[in-house]
Amino acid sequence: WALTHKPDDEIANLPQHEMIDLILSTESTTLRRLVLNLVERQPLDAENMRSDFLDYCLSHMAMPEEPPGVQTLCMKLAHRMCSHYPELANEFGETLRLMPAEHYKPATKCLIKKLKK
């Protein structure tokens with residue numbers, strides 16, 4: 001929790017791959033949301049993109065049972081990762097299109113509308 005209050009330049013130096021491993025392995029929704037927040041504030045380069053993390057974000061952004069914080073962070077991260085590759089950007093757009101908005105909370109609905117534009 002304390003790390004989420006650090007400036008972005010300090011967060012950029014945190015070990016991204018280790019944080020992603022923690023996201024993929026933790027059962028704690030709170031820890032997952034906090035670490036997703038940290039990763040979202042770091043640069044995501046095309047060269048260092050992890051396909052397992054992209055798959056995780058694409059699947060968890062579409063899960064109605066996930067809290068809105070986790071869903072929206074996964075959407076933002078998936079959008080950033082997919083923007084490096086046109087074929088992945090198309091897949092991301094299709095995933096958004098297939099997400100029925102009535103199953104999600106207002107924060108998630110708002111982000112879906114924003115990203116569809």
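Rules of the game
Residues numbered from 1 in each chain as written. Predicted model: local features only at pLDDT ≥ 70, side-chain atom pairs only at ≥ 80, totals over all residues. Heavy atoms only, no water. Helix = DSSP H or I, 4+ residues; strand = E, 2+ residues; numbered from the N terminus. Rg over C-alpha atoms; globule rule 2.2 N^0.38 Å. Contact = heavy atoms within 4.5 Å. Lys, Arg positive; Asp, Glu negative; His and termini not counted. Charge placed at Lys NZ, Arg CZ, Asp CG, Glu CD. Buried < 20%, exposed > 50% of the residue type's maximum accessible area, 1.4 Å probe, protein only. Polar contact = N/O pair within 3.5 Å; in protein donor to acceptor, adjacent residues only side chain to side chain. Core = buried A, V, L, I, M, F, W, Y, C linked by side-chain atoms within 4.5 Å. Expected span 1.5 Å × (residues − 1). pLDDT = per-residue confidence, 0-100.

### Side note on the overall build of the chain
If you tally the helices and strands in the chain, you get seven helices and zero strands. Each helix and strand of the chain, placed in order from N terminus to C terminus, yields the pattern α-α-α-α-α-α-α. Over its C-alpha atoms the chain spans a radius of gyration of 14 Å, differing by no more than 12% from the 13 Å that the globule rule assigns to 117 residues. The dimensions of the chain, computed from C-alpha atoms along their principal axes, are 35 × 30 × 25 Å. Here the analysis covers contacts within the chain between residues at least 6 apart in sequence; of these, 67% occur between residues at least 24 apart. Of the side chains in the chain, 14 bear a positive and 17 a negative charge, and the two mean positions are spaced by 11 Å.

### Focus on the side chain of Arg 50
Its place among the elements puts Arg 50 in the loop between helix 3 (29-40) and helix 4 (51-60). Residue classification places Arg 50 among the buried positions, given a relative accessible area of 15%. From its side chain, Arg 50 meets the backbone oxygen of His 17 in a polar contact 3.2 Å long. For Arg 50, the contacting residues outside a window of four places in its chain are His 17, Ile 20, Asp 21 and Leu 24.

### Section: the nonpolar core
The nonpolar side chains of soluble globular proteins are, as a tendency, buried together. Of all hydrophobic cores here, the largest spans 31 residues; its most connected members are Val 39, Phe 53 and Met 61. Contributing elements (two or more residues each) for this core: helix 2 (16-25), helix 3, helix 4, helix 5 (68-82), helix 6 (86-98) and helix 7 (106-116). Here this core takes eight residues from helix 5, the largest share from any one element.

### Some remarks on helix 5
Taking 1.5 Å as the rise per residue, helix 5 with 15 residues should run 21 Å; its terminal C-alpha atoms sit 21 Å apart, in good agreement. Turning to helix 5, its buried residues are Val 70, Gln 71, Thr 72, Leu 73, Cys 74, Met 75, Leu 77, Ala 78, Met 81 and Cys 82. The inward-facing, buried residues of helix 5 abut helix 3, helix 4, helix 6 and helix 7.

### Description of the confidence of the model for the chain
Summary statistics for the chain give a mean pLDDT of 89 and a share of 100% for residues scoring 70 or more. Of all helices and strands in the chain, the one with the weakest mean pLDDT is helix 1 (residues 8-11) (82), whereas helix 2 scores best (96).

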